[in-house]
Amino acid sequence: MRIARLLGTVLGTTLLTTTALLTAPAQAAPPVTPSDRTSLDGAALQESLDAAHEAGMYGVFSAVRDGRERWTGASGLADVATGRPVTPGMRQRVGSISKTFTAVAVLQQVERGRIRLDAPVADYLPDLIPGERGREITVRMLLNHTSGIGDHVIPAFPSLLQNSPASLDEERFRSVPAGELVRLGLDAPATGRPGEVPGTYSNTNYVIAGLLLEKVTGQDADAYVTRHVIDRAGLRHTYLPRTPYIKGPHPRMYEALYGLIDPPRDYSVYDMSWIRSAGAVVSTMDDLNRFYRALLDGKLVGETALGEMMRTVRVSGMEYGLGIYTVELPGCGRFWGHSGAVFGAGTFALTSEDGERQVAFAQNLMKYESLDENGRPLPHPIDDALTRHVVRALCPDTGTAAPATRDARSALSELLPGTDHSQLTSSLKFDQVSH
């Protein structure tokens, strides 16, 4: 089987979600009470970031919260040419974390009675999805990735299937209409029948969700999300970009494409119309923690709508709700959040169910691994360091040698940006993305 097919499969599904998928632990974790937890260990948190940089990550920065305690840190370079360092408050393109923002916006309209989750998409966008397919796919199926609609990303960057990054550079400043992205996704082979579980992650679902939001509100989707989600959550450094440039302090964002781009190239300047409401948000790590805390505290949607968001199904190896997924860390509890990857930038955010324990981190080098003979990324020391950082942040009382910590690392080992893709690549038929 050609490496091009394998590489295309990896890229097409992971550019905007976690670059690999989590596995559920064998048993549920016991609850952890506030009295069980110790203080955040800032030295250990910093050590894990430093270890990631020493292992080859250009730059990484993080924000951690445990109750009233806060910690922020950074390690490495924002710009490898000038030596400019990364700092904790920098902004980052957060990729598929944007899906939580979009899902919240749609659920707000559900609460207002303007959208019904189990209504056909054709009720709102009658001409978008042709034929009976538009009557079979519901709003819920878009948000939990059970629509069966293919992903538009690889068709939008066709050179990736030829082991070439040419499309990335050719499309850097192109403004792509949302309708064109939807057409590419609909023309791709279906990943299953509407409503079929397990579902398959597709960025096209959330491009359609953005169009749905515009139809029922009469507003630009970015404007609605800004006013009713970003501003309502009190996020001061989060926005949806109108140009290819990022406002405010940010790192350069380097893409290695598994060695096809050597040295890695900066893609921090990029027109994000190729992903729109599925992955265009720019944010800081503090803001991401604030956002997920506000969501889980019921400040963005009410109890019923939040309950719908947290109803999960199996999707490409994840326990996925409506724009949010969950993972159980043995000895630490259940956490909710999302992760994202765009060219050159990876971001990860998890929050405990009670909103007390949080971590969000960003990295500015992507697809740094080597590929094995089957075209699957090999484990890398960067991944172990970042996993250790998350465990230190979310499970501060376990101790690095405790069995609970080892179990937590196992649950996270295939979740972080840039880790092993074996489950991902085996979960798809390669011919579905090879044209």
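Residues numbered from 1 in each chain as written. Predicted model: local features only at pLDDT ≥ 70, side-chain atom pairs only at ≥ 80, totals over all residues. Heavy atoms only, no water.

Caption draft 1: The arrangement of the overall build of the protein in detail. For the protein, the count of helices and strands is 15 helices and 14 strands. Counting only residues that meet the buried cut, the protein has 62% of its 435 residues in that class. Surface summary for the protein: the accessible area is close to 15,500 Å², and the carbon and sulfur share equals 49%. (Helix = DSSP H or I, 4+ residues; strand = E, 2+ residues; numbered from the N terminus. Buried < 20%, exposed > 50% of the residue type's maximum accessible area, 1.4 Å probe, protein only. Areas by Shrake-Rupley, 256 points an atom, 1.4 Å probe, with all protein chains shown as cover.)

Caption draft 2: Structural view of the side chain of Thr204. Inspection of the secondary structure assignment puts Thr204 in helix 9 (residues 204-217). Judged by its relative accessible area of 0%, Thr204 is buried. In terms of polar contacts, Thr204 uses its side chain to reach the backbone carbonyl oxygen of Gly150, at 3.0 Å. Within the local environment of Thr204, its side chain forms a polar contact with the backbone nitrogen of His152, the two atoms lying 3.0 Å apart. The contacts of Thr204, once residues within four sequence positions are left out, are Ile149, Gly150, Asp151, His152, Leu181, Val182 and Gly185. (Polar contact = N/O pair within 3.5 Å; in protein donor to acceptor, adjacent residues only side chain to side chain. Contact = heavy atoms within 4.5 Å.)

Caption draft 3: Geometry of the layout of surface pockets. Within this model, the largest pocket holds a volume of roughly 340 Å³. Along the walls of the largest pocket sit 19 residues, with Asp222, Pro241, Met272, Ser273 and Arg276 positioned nearest its centre. Those elements giving two or more residues to the lining of the largest pocket turn out to be helix 9 and helix 10 (221-230). Ranked by residue count, the leading element in the lining of the largest pocket is helix 9, at four residues. (1 Å grid on protein atoms, 1.4 Å probe; cavity = no way out; pocket = protein on both sides within 12 Å on 5 of 7 lines; lining within 4 Å. Points joined across faces, edges and corners; volume = space filled by probe spheres on them.)

Caption draft 4: How the structure looks around the state of the cysteines. Under the definition given, this model contains one disulfide. Disulfide pairing places Cys332 opposite Cys395 at an S-S distance of 1.8 Å. Judged by the sign of its S-S torsion, about 140°, the cystine formed by Cys332 and Cys395 is right-handed. Within this pair, whereas Cys332 is found in the loop between strand 10 (325-329) and strand 11 (333-342), its partner Cys395 is found in the loop between helix 13 (381-394) and helix 14 (403-412), the two being separated by 63 residues in sequence. Judged on exposure class, the residue Cys332 and its partner Cys395 are both buried. (Disulfide = S-S within 2.5 Å.)

Caption draft 5: Region of interest: the pairing of strand 2 (residues 69-79). Here eight bridges tie strand 1 (residues 59-66) to strand 2, and the two strands are oriented antiparallel to one another. From the neighbouring strand, Val64 faces strand 2, where its bridge partner is Trp71. In sequence, strand 1 turns back onto strand 2 through a hairpin of two residues, with Gly67 there showing a positive phi of about 65°. With two bridges connecting them, strand 2 and strand 3 (residues 84-85) associate as antiparallel partners. Looking at strand 3, one finds that Asp79 is bridged to Arg84. The loop that links strand 2 with its antiparallel partner strand 3 comprises four residues; one of these, Gly83, has a positive phi angle of about 80°. (Pairing = 2+ DSSP bridges.)

Caption draft 6: Up close: the packing of aromatic side chains. Counting across every chain of the model gives 11 aromatic pairs. Relative to Tyr320, the ring of Tyr201 lies with its centre 6.1 Å away and its plane at 80°, an arrangement referred to as edge-to-face. Residue Tyr201 is located in the loop between helix 8 (178-187) and helix 9, and its partner Tyr320 is located in strand 9 (residues 318-320); the two are separated by 119 residues in the primary sequence. In terms of burial, Tyr201 and Tyr320 fall into one category: buried. Through successive ring pairs, a cluster of aromatic residues spans Phe157, Tyr267, Tyr270, Trp274 and Phe343. (Phe/Tyr/Trp six-rings, centres within 6.5 Å; stacked < 30°, edge-to-face > 60°.)

Caption draft 7: Expanded view of the sheet that holds strand 10. Taken in spatial order, the nine strands make up an open sheet running 3-2-1-13-12-11-10-9-8, and their pairing is antiparallel. Because the sheet does not close on itself, it has two edges, and the strands there are strand 3 and strand 8 (313-315). Two elements, strand 9 and strand 10, share two bridges in a ladder whose sense is antiparallel. The residue bridging Glu319 from the neighbouring strand is Thr326, located in strand 10. Running at roughly 140° to strand 13 (residues 357-363), helix 11 (residues 285-296) makes contact with strand 1, strand 2, strand 11, strand 12 (345-352) and strand 13 of the sheet. (Axes fitted to C-alpha atoms, helices over the stretch in contact; angles between N-to-C directions.)

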